[in-house]
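Residue strings, one per chain:
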Amino acid sequence: MTERLGIVSRATVLVVDDDEQIRRLIALLLRPMGHVVVEAGSVEEAFEKLQGGPPDLVLVDMQLPGKSGYELLADVRGDPRTRLVPVVMITGAATPERKLKAIQEGVTDFIAKPFSPEELAARVRALLELKFVTDALEDAERVIISLARTIDARDRYTYGHSARVSHYAGLLGERIGLQGNGLETVRRGGLFHDFGKIAVRDAVLLKPAKLTAEEYAEIKRHPSEGKSLLETMKTLSHAMGVVYHHHERLDGSGYPAGLAGEAIPPTVRVTTIADVFDALTTARVYRSALSREDALGIMAEEVRKGWWDGRLLEEFRGVLSTLPEDDERILRLSNGPPSGRL
Ligand SMILES: [Fe+2]
Ligand SMILES: [Fe+2]
């Protein structure tokens, strides 16, 4: 889809209706607006045509012979490439129950038959503008995620660290029953937790010797730096707690806020477990990688000191027992420059 002077032009609109006259009418209306109209007489034909690439908008008749419009809707919503594409159901005499079902399945809008050409044109214009905005947001999100990867790429010793922390935190989160936003928070938080290291000088971040007190203070600023760099981004707002607090300890001896006990949210604790484990099991500029068992042993000792959540560490052992040491995804995340500081 292209955008010119704020007006969306040349979008691909998929029209699914068994009534050829309706399809033609819609095509006659939308083509002069500059759109490409792909017609399908059934859901089966629509699935075939979707293989050619995702449309920008789907108009589908609610009642079709064979597979229903609901099935098409479920398929569109279930595919990551099309999950945000607006789907409009064209309805005859739809009962409130059927409309409710469509809403639950994620329909964007309804157009009742018979519709006026002006109404259809106005709806299509509005929905394509919405699609343009979501496309722009998705692009921005992709840029943000590549930005997060630059942190890993900067330090050959921590290559893949953020991606692995995100992966481990997601697995641990799932195991303890986090869902929806909670799960998203630990995954996103994992990916961005060390973002503030962008503000730490190479001479400090990559120093192969013991840090001076001043240098250590610079490293310790990374959670606050991360927060101030990312907090204006709405899509990351829920992960901000993880970015800012991932170095807190349950006994209050961590930084930057010195939070203790229940004041540290579960999403932060989950990410911290993943972070500490990954730091211990990968080679660092100041020491070599530890085995899983050695790392878990050190972390158990730190639970006794009052730093980490012991229940979560036990759950994390459970996660690892289902994850082979040569887990393909972990290896893939680590395959970059040969594998800083926590
Ligand atoms: Fe950190
Ligand atoms: Fe980290």
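Source: prediction; values computed, not measured.

Each value, and the rule that gives it
Residues take numbers from 1 onward in each chain, read along the sequence in its written order. All chains are assigned letters beginning at A, and all ligands numbers beginning at 1, according to the order in which they are written. For a predicted model such as this one, the threshold for reporting local features is a pLDDT of at least 70, and the threshold for listing and counting side-chain atom pairs is 80 or more; totals across whole chains, interfaces and linings nevertheless cover every residue. The basis for every side-chain value is the complete set of non-hydrogen atoms in the structure, without hydrogens or water. A donor here means any N, O or S atom no more than 2.8 Å from the metal (3.2 Å for Na, K and Ca); water is not included, so a site may seem to lack partners. Irregular is the default label, applied whenever a site is not tetrahedral (four donors, all angles between 85 and 135 degrees) and neither square planar nor octahedral (four or six donors, opposite donors over 155 degrees apart, all other angles between 65 and 115). Whenever Lys or Arg places a side-chain nitrogen within 4 Å of a carboxyl oxygen from Asp or Glu, that contact is recorded as a salt bridge. The secondary structure listing takes helices from DSSP runs of H or I that are at least 4 residues long and strands from runs of E that are at least 2 residues long, numbered from the N terminus. Residue burial is assigned from relative accessible area. The probe radius is 1.4 Å, only protein chains are included, and a residue is buried under 20% of its type maximum, exposed over 50%, and partly exposed in between. Ring pairs shown here join Phe, Tyr and Trp side chains whose ring centres sit within 6.5 Å, with only the six-membered ring taken for Trp; geometry is labelled stacked below 30 degrees between planes, edge-to-face above 60, and tilted in between.

### With respect to the coordination of the iron ion (ligand 1)
- Those donors, Asp194 (OD), His222 (NE2), His246 (NE2) and His247 (NE2), are the protein atoms that reach the iron ion (ligand 1), and they lie 2.1 to 2.3 Å from it.
- The coordination sphere of the iron ion (ligand 1) comprises four donor atoms, whose angles at the metal cover 85 to 174 degrees; the geometry is irregular.
- Sequence spacing among the residues donating to the iron ion (ligand 1) works out to D-x27-H-x23-H-H.

### Considering the pattern of salt bridges
- Applying the stated criterion across every chain yields a total of 25 salt bridges.
- The shortest N-O distance in the salt bridge between Lys113 and Asp61 comes to 3.6 Å. Here Lys113, found in the loop between strand E7 (109–112) and helix H5 (117–154), pairs with Asp61, found in strand E5 (residues 57–61); they are 52 residues apart in sequence, far enough to count as distant.
- We classify Asp61 as buried; its relative accessible area is 6%.
- Among the ionic pairs, Arg269 bridges to Glu262, the shortest N-O distance being 4.0 Å.
- Residues participating in the shared-partner salt-bridge network are Glu20, Arg23, Arg24, Arg31 and Glu39.

### A short note on the coordination of the iron ion (ligand 2)
- At 2.2 to 2.3 Å from the iron ion (ligand 2) lie its protein donor atoms, namely His161 (NE2), His193 (NE2), Asp194 (OD) and Asp275 (OD).
- Here the iron ion (ligand 2) is ringed by four donor atoms whose angles at the metal span 77 to 170 degrees, and the overall shape comes out irregular.
- Of note, the donors binding the iron ion (ligand 2) are all from one chain and are spaced H-x31-H-D-x80-D.
- A gap of 3.7 Å separates the iron ion (ligand 2) and the iron ion (ligand 1), which Asp194 links by coordinating each metal. Of this pair, His161 sits in helix H6 (residues 161–175) while Asp275 sits in helix H12 (residues 266–281), and the two are 114 residues apart along the sequence.

### Some remarks on the packing of aromatic side chains
- Summed over the entire model, instances satisfying the criterion amount to five aromatic pairs.
- Judged by centre distance (5.4 Å) and plane angle (85 degrees), the rings of Tyr168 and Phe277 are edge-to-face. Taken together, the positions of Tyr168 in helix H6 and Phe277 in helix H12 put the pair 109 residues apart, joining distant regions of the chain. Of the two residues, Tyr168 and Phe277, both sit in the buried class.
- Between Tyr168 and Phe316 the ring centres are 5.7 Å apart and the planes differ by 85 degrees, which places this aromatic pair in the edge-to-face class. Highlighted residues: Tyr168 in helix H6 and Phe316 in helix H14 (residues 310–321), separated in sequence by 148 residues. Judged on exposure class, the residue Tyr168 and its partner Phe316 are both buried.
- One aromatic cluster is present, formed by Tyr168, Phe277 and Phe316 through successive ring pairs.

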